[in-house]
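Remarks on the overall topology
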Amino acid sequence: MRYALTMILVLCACDSVEDQQAFEDQAFAEPSGFTQTDESGAIEAMDDDDWRVSPAYVGRIIIDPAFPNPVSSGGLISIPVRVRFSDSVQGGLQLTAYDLDGIPRRLDSILNANDPGSYVFRFMPRTLQLQGLVRVFIIDTQGRLVSYGDVQTSG
């Protein structure tokens, strides 16, 4: 009986590791669209690939789409995050993206997201010196991918 329970737990863990790896592979693919939002965050057109939550965090965190999207490079983008339960996140969260030189840049941080509640990432796309479709990533303090999405920037 104990052996069967151990095997079930091992098999479930393998599935979750494989699911997380597949999610990360999708995250690092070329961006192909974006969720269009207005100034208040209302969704005007949905991209099903944007702002999904990784298998490691599904049910524990909710990510709302970036807004406004599209945005001018001098504009301010907000990305709302809701933590549903205490200790759903160990430590904080970081918002990152790759800049013009392909170097990952921290755009914003939520230093402590242990407690349930609402948080918001904010950043200005001009810090990346990029225009067009830009993929941004939300990662935890252990470096695990939590979510990702695309932002359309212009002049």
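What comes next is a walk through the structure.

Rules of the game
- Residues numbered from 1 in each chain as written.
- Predicted model: local features only at pLDDT ≥ 70, side-chain atom pairs only at ≥ 80, totals over all residues.
- Heavy atoms only, no water.
- Helix = DSSP H or I, 4+ residues; strand = E, 2+ residues; numbered from the N terminus.
- Buried < 20%, exposed > 50% of the residue type's maximum accessible area, 1.4 Å probe, protein only.
- Contact = heavy atoms within 4.5 Å.
- Areas by Shrake-Rupley, 256 points an atom, 1.4 Å probe, with all protein chains shown as cover.
- Phe/Tyr/Trp six-rings, centres within 6.5 Å; stacked < 30°, edge-to-face > 60°.
- Pairing = 2+ DSSP bridges.
- Axes fitted to C-alpha atoms, helices over the stretch in contact; angles between N-to-C directions.
- Core = buried A, V, L, I, M, F, W, Y, C linked by side-chain atoms within 4.5 Å.

Helix and strand content of the chain: one helix and ten strands. The linear arrangement of helices and strands in the chain, starting from the amino end, is α-β-β-β-β-β-β-β-β-β-β. Within the chain, buried positions represent 39% of all 155 residues. In the chain, once contacts between residues fewer than 6 apart in sequence are set aside, the share between residues at least 24 apart is 60%. About 8,500 Å² of surface is accessible on the chain, with carbon and sulfur atoms providing 54% of the total.

Turning our attention to the packing of aromatic side chains. Under the counting rule described, the total for this entry stands at three aromatic pairs. For the pair Phe23 and Tyr148, a centre-to-centre distance of 5.3 Å together with 55° between the ring planes defines the contact as tilted. One end of the pair, Phe23, is in helix H1 (residues 2–27); the other, Tyr148, is in strand S10 (residues 145–154), with 125 residues separating them in the sequence. Just as Phe23 is buried, Tyr148 falls in that class too. Ring centres 6.0 Å apart and planes at 85° place the aromatic pair Tyr98 and Phe137 in the edge-to-face group. Placement of Tyr98 in strand S6 (residues 93–98) and of Phe137 in strand S9 (residues 132–140) is noted, with a sequence separation of 39 residues between them. Among the residues examined, Phe137 registers a relative accessible area of 6% and is labelled buried. Cluster of aromatic residues (ring-pair linked, three or more members): Phe28, Tyr98 and Phe137.

Here we come to the sheet that holds strand S8 (residues 117–123). A sheet is described by the order of its strands in space; here three strands give the open sequence S3-S5-S8, paired in antiparallel fashion. Taken across any chain shown, the strands that pair with only one partner, and hence form the sheet edges, are strand S3 (61–63) and S8. Across this sheet, the average inter-strand angle for adjacent strands is 20°, counted without regard to direction. Of the pairings in the sheet, the one linking S3 to strand S5 (residues 77–83) comprises three bridges and is antiparallel in character. Following the sheet pairing, Ile62 is matched in S5 by Arg82.

With that settled, consider the nonpolar core. Nonpolar side chains in soluble globular proteins generally cluster together in the buried interior. Membership of the largest hydrophobic core comes to 27 residues, with the highest contact counts inside it found for Ile79, Leu93, Val136 and Ile138. Only S3, S5, S6, strand S7 (104–110), S8, S9 and S10 provide two or more residues apiece to this core. At four residues, the largest contribution of residues to this core is made by S5. Residues contacting Val136, with those up to four places away along its chain left out, are Trp51, Ile79, Leu95, Thr96, Ala97, Leu107, Phe123, Ser147, Tyr148, Gly149 and Val151. Within the second largest apolar cluster, six residues are counted, among which are Phe23, Ala27, Phe137 and Leu145.

Next up on the list: the pairing of S5. Burial analysis of S5 places six of its seven residues in the buried class, the great majority of the element. Of the pairings in the sheet, the one linking S5 to S8 comprises seven bridges and is antiparallel in character. Paired with Val83 across the bridge in S8 is Gly117.

Further remarks concern the sheet that holds S7. The mixed open sheet is built from five strands, whose spatial order is S4-S10-S9-S6-S7. The strands lining the two open edges of the sheet, one partner per strand, are strand S4 (71–72) and S7. Two strands pair when backbone bridges link them, and S4 and S10 are joined in this way by two bridges, in the parallel orientation. Note that in S10 the partner of Val71 across the bridge is Thr153.

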